[in-house]
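What the coordinates show
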Amino acid sequence: MAPVDVTAAKPIVFSGPSGTGKSTLLKKLFAAHPDLFGFSVSHTTRKPRAGEEDGVHYHFTTMDEFEKMVAEDKFEEHAKFGGNCYGSSRAAVQAVAEGQGKSIDGSPAQGHRICIFDIEMEGVKQLKKSRLDPRICFIQPPDVQTLEQRLRGRGTDSEDSIQKRLAQAKNEIEYCKTEGKDDKVVVNDDLDRAFKELDEWVMKDLSSQN
Ligand SMILES: Nc1ncnc2c1ncn2[C@@H]1O[C@H](COP(=O)(O)OP(=O)(O)OP(=O)(O)O)[C@@H](O)[C@H]1O
């Protein structure tokens with residue numbers, strides 16, 4: 001494949017129900033192409049899960065600070081989900097473009113990189129209309145029962161949180177079938193198969209943008 005001109009490449013947005021495997025697939029994507037991508041580290045008002053680090057997985061913040069950033073127009077997109085606020089700051093996106101961003105594991109992403117977002121559905125709707133003009137990929141579970149098993153299996157969510165995520169998942173699956181029908185969809189059934197399909201889509205379109 002011809003070398004990729006990252007300065008010409010559009011940002012790439014990944015979205016899909018919580019527990020579908022977005023983080024798992026994105027870790028594989030970053031590992032497969034260590035110099036190509038930077039991760040847009042979102043802000044959130046939710047509490048960190050075990051093992052999550054501030055500034056790596058999220059910028060953890062308070063509701064007051066989050067609302068102040070909204071008032072100051074500091075987000076590319078932001079939304080409320082499961083009782084918490086999430087947003088992609090303009091600064092996080094700019095950091096990736098300028099080579100001051102992070103990889104998905106928190107290591108420095110030096111040099112101009114293609115910005116990768118992992119965001120929920122309301123954020124996707126906002127970015128679709130934004131000047132960023134991103135490419136969009138929905139990660140979908142094989143079915144809701146499998147999603148529930150994965151959410152329970154990772155052992156990080158309370159019962160209340162699992163129920164909220166499952167209710168929202170139904171909206172997200174429906175959105176993907178309607179307004180999202182022209183975007184890329186990858187069903188995360190078998191992890192290696194799903195990753196192959198995702199990787200091929202990412203790389204094929206990158207080379208055609210050159
Ligand atoms: N293809 C797969 N088959 C079986 N298990 C999977 C598969 N993909 C991911 N998992 C498992 O499902 C669980 C949820 O995955 P992950 O945390 O990556 O989801 P997510 O979509 O990033 O969730 P969130 O949006 O809440 O961060 C994890 O325990 C992960 O190991």
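Within an unreviewed UniProt entry, the label attached to the protein reads Guanylate kinase, and the organism entered is Lithohypha guttulata. The heading Sequence similarities (unreviewed entry) in the UniProt record of the protein holds the text "Belongs to the guanylate kinase family."

Topic: the overall build of the protein
Broken down by element type, the protein carries seven helices and eleven strands. Relative to the compact-globule value of 17 Å for 210 residues, the protein shows a C-alpha radius of gyration of 16 Å, a close match. Based on the C-alpha atoms only, the size of the protein along its principal axes is roughly 45 × 40 × 35 Å. Sorting the 210 residues of the protein into buried and exposed places 36% on the buried side. For the protein, the share of sequence-separated contacts (at least 6 apart) that also reach a separation of at least 24 residues comes to 71%.

With respect to the site of the ligand
The environment of the ligand is formed by 14 residues, the closest being Ser 18, Gly 21, Ser 23, Arg 150 and Arg 154. Its residues assigned to classes, the shell around the ligand comprises two nonpolar, eight polar and four charged.

Let's talk about helix α3 (residues 90–97)
If you check which residues of α3 are buried, you get Ala 92, Val 93, Ala 95 and Val 96. End-on view of α3: buried residues confined to an arc of 155°, all on one side of the axis. Two residues or fewer after α3 comes Gly 99, characterised by a positive phi angle close to 75°.

Some words on the UniProt feature "domain: Guanylate kinase-like" (unreviewed entry) in the protein
According to UniProt, the positions carrying the feature "domain: Guanylate kinase-like" (unreviewed entry) are residues 9–203. Taken end to end, residues 9–203 has its terminal C-alpha atoms 11 Å apart, with 41% of it in helix and 22% in strand.

Digging into the nonpolar core
Ranked by internal contacts, the top residues of the largest apolar core, which has 43 residues, are Ile 12, Val 13, Phe 14, Ile 114, Ile 116, Cys 137 and Leu 198. Considering each element in turn, this core owes the most residues, five residues, to helix α7 (residues 191–208). Excluding anything up to four places from it in sequence, Ile 12 contacts Ile 114, Ile 116, Pro 134, Arg 135, Cys 137 and Val 202.

Digging into unusual backbone geometry
If you check the backbone angles, Asp 73 has positive phi at about 60° while not being a glycine. Locating Asp 73 in the fold gives a position in the loop between α2 (63–71) and β5 (75–81). By the C-beta count within 10 Å, which is 8 here, Asp 73 ends up exposed. Phi is positive for Asp 133, which is not a glycine, with a value near 45°. Following the sequence through the fold, Asp 133 ends up in the loop between α4 (121–128) and β10 (135–140).

Things to note about the environment of Lys 102
As for its position among the elements, Lys 102 is in strand β7 (residues 101–102). Under the C-beta neighbour-count criterion, Lys 102 is labelled buried, with 20 such atoms within 10 Å. Expressed as a C-alpha distance, the spacing of Lys 102 and Val 56, which sit 46 residues apart in the sequence, is 7.5 Å. When near neighbours in sequence (up to four residues on either side) are disregarded, Lys 102 contacts Gly 38, Phe 39, Val 41, Val 56, Ser 107, Pro 108 and Ala 109.

Concerning the sheet that holds strand β6 (residues 84–89)
The strands making up a sheet associate through hydrogen bonds between their backbones, and the pairing can be parallel or antiparallel. Read from one edge of the open sheet, four strands run β4-β3-β6-β5, paired in mixed fashion. On the outer flanks of this sheet lie β4 (59–60) and β5, each paired with one strand and no other. With six bridges joining them, β5 and β6 adopt antiparallel strand pairing. Paired with Phe 81 across the two strands is Asn 84, which belongs to β6.

Structural notes on the environment of Glu 172
Turning to its location among the elements, Glu 172 is positioned in helix α6 (residues 159–177). According to the C-beta neighbour criterion, Glu 172 is buried, with 23 such atoms within 10 Å. In this structure, the C-alpha to C-alpha distance between Glu 172 and Val 202, residues 30 residues apart in sequence, is 22 Å. The residues touching Glu 172, leaving out its near neighbours within four places in the chain, are Gly 16, Pro 17 and Met 121.

What counts, and at which threshold
Numbering of residues begins from 1 in every chain and follows the order in which that chain's sequence is written. The predicted origin of the model limits local features to residues at a pLDDT of at least 70 and limits the giving and counting of side-chain atom pairs to 80 or more, whereas totals for whole chains, interfaces and linings rest on all residues. UniProt positions are given in the numbering used here, feature names are shortened, and annotations may be inferred rather than shown by experiment. Helix numbering and strand numbering both begin at the N terminus, where a helix is a DSSP run of H or I of at least 4 residues and a strand a DSSP run of E of at least 2. Throughout, radius of gyration means the C-alpha value; the globule benchmark is 2.2 Å times the number of residues raised to the power 0.38. For every residue, the other C-beta atoms within 10 Å of its own C-beta are counted; 20 or more classify it as buried, 12 or fewer as exposed, and values in between as partly exposed. C-beta atoms are placed from the backbone. A pair of residues counts as a contact when their C-beta atoms, built from backbone coordinates, are within 7 Å of each other. By definition, a residue lies near a molecule or strand when the C-beta atom built from its backbone is within 6 Å of it. Note that Gly is not counted as nonpolar here; it falls among the polar residues with everything else outside the nonpolar set of Ala, Val, Leu, Ile, Met, Phe, Trp, Tyr, Cys and Pro and the charged set of Asp, Glu, Lys and Arg. The directions from the helix axis to the C-beta atoms are what the arc is built from. What we call a nonpolar core is a set of buried Ala, Val, Leu, Ile, Met, Phe, Trp, Tyr and Cys residues whose membership is set by joining through C-beta atoms within 7 Å. A pair of strands counts as paired when DSSP detects no fewer than two bridges linking them.

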